[in-house]
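Each chain, written out:
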Amino acid sequence: KKTAADYYGVLLERLMRWAQVHTEADLPPIHKALANTGKSRIRALLQKTVEDCLFNNGYVNDFPLSTALATKIIELNWHSALPDDFTCGINILAVGALDDEAVEYQRAQ
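Now for a description of the structure that goes with this document. What you are looking at is a predicted structure, and each value in this text was computed from that prediction instead of being measured.

Criteria and thresholds
- Residues numbered from 1 in each chain as written.
- Predicted model: local features only at pLDDT ≥ 70, side-chain atom pairs only at ≥ 80, totals over all residues.
- Heavy atoms only, no water.
- Phe/Tyr/Trp six-rings, centres within 6.5 Å; stacked < 30°, edge-to-face > 60°.
- Buried < 20%, exposed > 50% of the residue type's maximum accessible area, 1.4 Å probe, protein only.
- Helix = DSSP H or I, 4+ residues; strand = E, 2+ residues; numbered from the N terminus.
- Expected span 1.5 Å × (residues − 1).
- Arc of directions from axis to C-beta.
- Contact = heavy atoms within 4.5 Å.
- 1 Å grid on protein atoms, 1.4 Å probe; cavity = no way out; pocket = protein on both sides within 12 Å on 5 of 7 lines; lining within 4 Å.
- Points joined across faces, edges and corners; volume = space filled by probe spheres on them.
- Salt bridge = Lys/Arg side-chain N within 4 Å of Asp/Glu carboxyl O.

### Description of the packing of aromatic side chains
Now for step 1: Across all of its chains, the model carries 1 aromatic pair by this definition.
Now for step 2: Where Tyr 7 meets Tyr 8, the ring centres are 4.9 Å apart and the plane angle is 90°; that geometry is what we call edge-to-face.
Now for step 3: For Tyr 8, a relative accessible area of 6% gives the class buried.

Next comes the structure, spelled out in structure tokens:
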């Protein structure tokens, strides 16, 4: 089984800093899943994760995830409307499973 370190390589430190975690084990489960998913299934995994997050937060809108956007997400090259506010735009929190307490903590930062 691969780890997030295997998948992200030198980008892991940046990912952990942005996610505000101290260890790889503290990253949202999506990152371990990405490491263990075949290259041809990555976009599908991200699409399902985004749809699950939308559904769990009460949204019924469809959010098609293009190949270009999926590539930006996995290469940590997304853009946010407010770079200091991870609750806006496309970011690692949009594709990570968080409980309500973790979401509130992130919003308070």
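### Describing helix α4 (residues 42-56)
Now for step 1: Given a rise of 1.5 Å per residue, 15 residues ought to cover 21 Å, and the 21 Å separating the end C-alpha atoms of α4 matches this to within 8%.
Now for step 2: Ile 42, Leu 46, Gln 47, Thr 49, Val 50 and Cys 53 are the residues of α4 that are buried. Down the axis, α4 shows its buried residues gathered within 165° of arc, on one side only. The exposed residues of α4 that point more than 90 degrees off its buried face are Phe 55 and Asn 56.
Now for step 3: Packing partners of the buried residues in α4 comprise α1 (4-8), α3 (30-35) and α5 (67-74).
Now for step 4: In the segment just after α4, Gly 58 is the residue with positive phi, at about 85°.

### Things to note about helix α2 (residues 12-19)
Now for step 1: Within α2, the full set of buried residues consists of Leu 12, Leu 15, Met 16 and Ala 19. All buried residues of α2 fall inside an arc of 95° around its axis, so they share one side. Pointing more than 90 degrees away from the buried face of α2 are the exposed residues Glu 13 and Arg 17.
Now for step 2: Positive phi appears at Gln 20, one or two residues downstream of α2, with a value of about 60°.

### Some thoughts on the layout of surface pockets
Now for step 1: Its boundaries defined by the atoms lining it, the second largest pocket holds a volume of some 180 Å³.
Now for step 2: As for the second largest pocket, its lining consists of Tyr 7, Thr 37, Gly 38, Lys 39, Ser 40, Ile 42, Arg 43, Thr 67, Ala 70, Thr 71, Ile 74 and Glu 75.
Now for step 3: Counting only elements with at least two residues in the lining of the second largest pocket, the list comes to α4 and α5.

### Some thoughts on the pattern of salt bridges
Now for step 1: Tallied over the full model, the rule gives 2 salt bridges.
Now for step 2: For Lys 48, the salt bridge identified is with Asp 52, shortest N-O distance 2.9 Å. Taken together, the residues span about one helical turn, with Lys 48 and Asp 52 both in helix α4 at a distance of 4 residues.
Now for step 3: Residue classification places Lys 48 among the partly exposed positions, given a relative accessible area of 49%.

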